Amino acid sequence: MQRRNFLRNLGLGSLAIPFHSLASSVPVAAAFQDITKPKRLSTGDTIGIVSPAGAIYESEPYEIAVESMQALGLKVKLGEFVRTRHGHLAGTDEQRASEFNDMWRDPEVDAIICLRGGSGAARILPLLDYEEIKKNPKIFIGYSDITALHLAIYEKTGLVTFHGPLATSTWNSFAANHFKDLLFNAEAIAYSNPIDKNGLLAQTRNRIRTITPGTATGELLGGNLSVLTNLMGTPYFPTNWKNKILYLEDVGEQIYAVDRMMSQLQLGGVLEQVSGFIFGKCSDCDPGGAGGYGSLTLEEVLDHYLKPLNIPAFSGSMIGHISDNFTIPNGIQAKMNATLGTFSLLNPAVR
């Protein structure tokens, strides 16, 4: 689901949580946050499907989601309100939060995956039971608007969660294999774009662009750029970005908006703390109308904010609103090589 296009069609694309500078409030302690790893998946485990953001209006996506999870060898439990609608949302804030909390409390549920993204996940953050989440660590996976939940859970509980496919995503072999290697096999996997020249002399698809060469080590943390920046200044935004490898992606954003959000990360003191930077895909991110003036390119925007930092940085990783999508653990230490456009986990993300 192209989250930003959906918002724009509703006339809500310009709404954002007010931003307050974090430059003076972000601690600079070098220590990593204490983290908790969830238990790995096994064939026959039960995965709960929740819908904490946007609604789905037809029956077929539910069927495909269930069949995809079953094909991974998992039993499926649908959330109580997963088929509910409240405007463009999958139920009221109270219903979506209740469904989410119940899945963490349910001893029969081994992992939780979001049905889809869209918008509205941030609305339920004050209603979540973070103590129950901390007491019942489980695999939690999703992307796009689900970034709000990942960041809040990381900040409030230290639980490792996973930026990866939604239940309704395209579960091709690329996405499924990364999911299984990481969450079933407990591998400390290496991430690199597939080499596919498609009969050409040089690779043209899924190319890596090195912004600043070099290697860096740090905890992976990030997600959707627009959702992440909209959380800044709230109690749910991570307060310590020291020694983090920040990874980002987005969809349906004009370049001036990407520039504004990167500026927000700079002014908020986040970029000056991270040890490395990975940008995935910005699908359908076009300059759009520029009032008669030329637009910056995405490349120029990223270079403007990242090159002066002199930290390893690259773009083009398989992260985002794409079919061939990495599953990435938030809170796990990794080593990145910006020259090669790769990164590797230093230890498994599940126990």
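Residues numbered from 1 in each chain as written. Predicted model: local features only at pLDDT ≥ 70, side-chain atom pairs only at ≥ 80, totals over all residues. Heavy atoms only, no water.

A.B. asks: Report on the state of the cysteines, specifying residues and quantitative values.
C.D. replies: Following the criterion strictly, the structure yields one disulfide and no others. Each sulfur in the disulfide pair Cys 282 and Cys 285 lies 2.1 Å from the other. Looking along the S-S bond of the Cys 282-Cys 285 disulfide, the torsion reads about -75°, which is the left-handed sense. Across the pair, exposure class does not vary: Cys 282 and Cys 285 are buried alike. (Disulfide = S-S within 2.5 Å. Buried < 20%, exposed > 50% of the residue type's maximum accessible area, 1.4 Å probe, protein only.)

A.B. asks: Which residues make up the sheet that holds strand β14 (residues 342-345), and what are the values?
C.D. replies: Pairing is mixed in the open sheet, where eight strands are placed in the order β6-β14-β13-β8-β9-β10-β11-β7. Where the open sheet ends on each side, the last strands, each with one partner, are β6 (190-191) and β7 (209-212). Judged from the four bridges that link them, strand β13 (residues 333-337) and β14 form a sheet pairing that is antiparallel. Across the sheet, residue Met 336 finds its bridge partner in β14, namely Phe 343. Seen against the sheet, helix α5 (residues 147-157) touches β8 (215-224) and β9 (244-251) and runs at an angle of roughly 125° to β8. Those strands touched by helix α8 (residues 255-267) are β9 and β10 (276-283), and its axis lies near 160° from that of β9. (Pairing = 2+ DSSP bridges. Helix = DSSP H or I, 4+ residues; strand = E, 2+ residues; numbered from the N terminus. Contact = heavy atoms within 4.5 Å. Axes fitted to C-alpha atoms, helices over the stretch in contact; angles between N-to-C directions.)

A.B. asks: How would you summarise unusual backbone geometry if you had to cite specific residues and measurements?
C.D. replies: A positive phi is found at Ala 186, a non-glycine position, where the angle reads about 55°. Residue placement: Ala 186 occurs in the loop between α6 (173-183) and β6.

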